[in-house]
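Breakdown of the fold
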There are 2 protein chains.
Amino acid sequence: MQIAFVIFDQMTALDFVGVYDPLTRLKTMNFMPELRWDICARTRELTDDRALRFTATKVDEPLTGYDAIVVAGGYGTRALMHDAAFIAWLRTAAPCPLKTSVCTGSLLLGAAGFLAGRRATTHPSAYRDLAPCCASVTYERIVADGDVVTAGGVTAGIDLGLYLVERFAGAEVRALIARQMDYPYATTNNQI
Amino acid sequence: MQIAFVIFDQMTALDFVGVYDPLTRLKTMNFMPELRWDICARTRELTDDRALRFTATKVDEPLTGYDAIVVAGGYGTRALMHDAAFIAWLRTAAPCPLKTSVCTGSLLLGAAGFLAGRRATTHPSAYRDLAPCCASVTYERIVADGDVVTAGGVTAGIDLGLYLVERFAGAEVRALIARQMDYPYATTNNQI
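First things first, this report covers the structure right here in the doc.

**Points about the overall build of chain A**
- Secondary structure assignment for chain A yields seven helices and eleven strands.
- Over its C-alpha atoms chain A spans a radius of gyration of 15 Å, differing by no more than 12% from the 16 Å that the globule rule assigns to 192 residues.
- Looking at the 192 residues of chain A, the share that counts as buried comes to 54%.
- Pairs at least 24 residues apart make up 67% of the contacts formed inside chain A by residues separated by at least 6 positions.

Laid out in structure tokens, this is it:
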């Protein structure tokens, strides 16, 4: 199992780290010792929307060969959804069996064409922007449709991570990881 | 208002980013445009407990002059609580009027002597380790006592951030930031 976390300049750091924490615990808590992941971006160094610096582990390499991609959201998506080079790069993930996003990351999945015919969600402030990219905008915290799973805004990344944990490793592992994260909240809607 | 986020090698990234997101929105959403923060560590480059790289903005400088310090937790705390040089550095924050921590960051506040006579909390797996450092371990998500506010494990950092937002800017601003973070959960106990 190999996961690509897709990040970019002007992302929201919590969009990425909120989903990264539960997913990577599949390995660190030894439920899926074979799990590997890359932090994928088009540049080695980048910053979030508040100047916090991040470093990618894979730079501008095709997003092929992953079992899942996880795309962060944030302010930077508004420009990137119209950035032909970025979207062409993201499209290299087309063969991935599972394309997921947090917050306005769904606008990038949409710009890449991955939401065509799919139900999807995003940050509540971006429902209108998402509408032209997908079959229908669904006002739920986690929306799974075919090979695409989209999550609501920012903190919904934690719920997406736990959803994916359950999808990959079952409900018992999800409960153990949520407990280790000291996360007492059940996803408020569209529970799996 | 100036905040120091204290991070270190082998931290849990979400401990830091979960509290960083709501707090820094005080500036980015223009509620406290004068807010400043530093990412403080003893080395410029460091990694979380899963090899994710972070970059500090202030390196091994005294933690004086801040209105609040926010100390992350994670696996690295177990060694650092016995690291005299690190603890001496952390003690430079003694004059700060507000010392806060997420998860096992409270072990570091404790090792620095900041929890003496205080009620405090930590990750549920670390209650026993925290006990000798404080007056009493309190099994709540956010524990405020005098100049110290400690939070429970990992995801409790988000609740700590929202607690501090309310303390600095009021309940209405807290609600607006929580909505922008798409965070539907109320802190489950010890609400302010």
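**Overview of the environment of A:Ala169**
Residues and elements named next belong to chain A.
- You can see Ala169 is positioned in helix α6 (residues 156-169).
- According to the C-beta neighbour criterion, Ala169 is partly exposed, with 18 such atoms within 10 Å.
- Once the C-alpha coordinates of Ala169 and Leu26 are considered, the two residues, 143 residues apart in sequence, prove to be 8.1 Å apart.
- Look past the residues within four positions of Ala169 in its chain and what remains in contact with it is Leu26, Phe31 and Met32.

**Quick look at the interface of chain B and chain A**
- The interface is formed by 28 residues belonging to chain B together with 28 residues belonging to chain A.
- Broken down by secondary-structure element, the contributors of at least two residues to the side of chain B that touches chain A are α1 (13-28), β4 (53-55) and α6 (156-169) of chain B.
- Of the residues contributing to the side of chain B that touches chain A, the split by class is 14 nonpolar, nine polar and five charged.

**Re the nonpolar core**
- Formed by 136 residues in total, the largest nonpolar core has its most connected members in A:Phe5, A:Ile7, A:Ile69, B:Phe5, B:Ile7 and B:Ile69.
- When near neighbours in sequence (up to four residues on either side) are disregarded, B:Phe5 contacts B:Phe16, B:Tyr20, B:Trp37, B:Ile39, B:Cys40 and B:Val70.

**Some thoughts on the environment of A:Ala131**
- With respect to the element layout, A:Ala131 can be found in the loop between α5 (127-130) and β9 (136-137).
- Each C-alpha atom of the pair A:Ala131 and A:Leu107 lies 9.4 Å from the other, and the pair is 24 residues apart in sequence.

**Remarks on the sheet that holds strand β7 (residues 99-101) of chain B**
Residues and elements named next belong to chain B.
- One open sheet accounts for seven strands, arranged β5-β2-β1-β6-β7-β11-β10; its pairing is mixed. Of all the strands in the sheet, just β5 (58-59) and β10 (142-145) have a single pairing partner and so form its edges.
- In terms of strand pairing, strand β1 (residues 2-6) meets strand β6 (residues 68-71) through four bridges, oriented parallel. Residue pairing across strands places Ile3 opposite Ala68, the latter belonging to β6.
- Packing of α6 onto the sheet brings it into contact with β7, β10 and β11 (148-151), and relative to β11 it is tilted by some 150°.

**A short note on the packing of α6(B) against helix α7 (residues 171-180) of chain B**
All names here are of chain B.
- As a packed pair, α6 and α7 sit with axes 7 Å apart at the nearest point and diverge in direction by 145°. α7 is crossed by α6, and the crossing has right-handed handedness. Between α6 and α7, the contacting residues are Leu162, Val165, Glu166 and Ala169 on the first element and Ala171, Val173, Arg174, Ile177 and Ala178 on the second.
- Here the contact of α6 with α7 is built from residues that sort into seven nonpolar, no polar and two charged.

**Focus on the relation of the copies chain B and chain A**
- For the pair chain B and chain A, the relating rotation is 180°, the translation along its axis is 0.0 Å, and the fit reaches an RMSD of 0.0 Å. Taken together, the rotation and translation relating the two chain copies correspond to the operation of a two-fold axis. Residue B:Phe54, judged by its C-alpha, is the member of chain B lying nearest the rotation axis, at 3.0 Å.

**A few points about the sheet that holds strand β1 (residues 2-6) of chain A**
Residues and elements named next belong to chain A.
- Spatially, β5-β2-β1-β6-β7-β11-β10 is the arrangement adopted by the seven strands of the open sheet, whose pairing is mixed. Edge strands, defined here as strands with exactly one partner in the open sheet, are β5 (58-59) and β10 (142-145).
- The strands that α6 touches are β7 (99-101), β10 and β11 (148-151); relative to β11, the one it contacts most, it runs at about 150°.

**Some details on the pairing of β11(A)**
All names here are of chain A.
- Taking every second residue as pointing to the same face, both faces of β11 are buried, with Val148 and Thr150 on one and Val149 and Ala151 on the other.
- The sheet contact formed by β7 and β11 spans three bridges and is parallel. Among the inter-strand pairings, Lys99 is bridged to a residue of β11, identified as Val148.
- Relative to β11, β10 is paired through four bridges, and the arrangement is antiparallel.

**Re unusual backbone geometry**
All names here are of chain A.
- Phi at Asp182 takes a positive value of approximately 55°, unusual for a residue other than glycine.
- In this structure, Asp182 sits in the segment after α7 (171-180).
- Its 21 C-beta neighbours within 10 Å are what place Asp182 among the buried residues.

Conventions used here
Residues numbered from 1 in each chain as written. Chains lettered and ligands numbered in written order. Predicted model: local features only at pLDDT ≥ 70, side-chain atom pairs only at ≥ 80, totals over all residues. Helix = DSSP H or I, 4+ residues; strand = E, 2+ residues; numbered from the N terminus. Rg over C-alpha atoms; globule rule 2.2 N^0.38 Å. Buried ≥ 20, exposed ≤ 12 C-beta atoms within 10 Å, placed from the backbone. Contact = placed C-beta atoms within 7 Å. Nonpolar A, V, L, I, M, F, W, Y, C, P; charged D, E, K, R; others polar. Core = buried A, V, L, I, M, F, W, Y, C linked by C-beta atoms within 7 Å. Pairing = 2+ DSSP bridges. Axes fitted to C-alpha atoms, helices over the stretch in contact; angles between N-to-C directions. Left-handed = near helix turned anticlockwise from the far one by under 90°. Least-squares fit on C-alpha atoms with pLDDT ≥ 70 in both.

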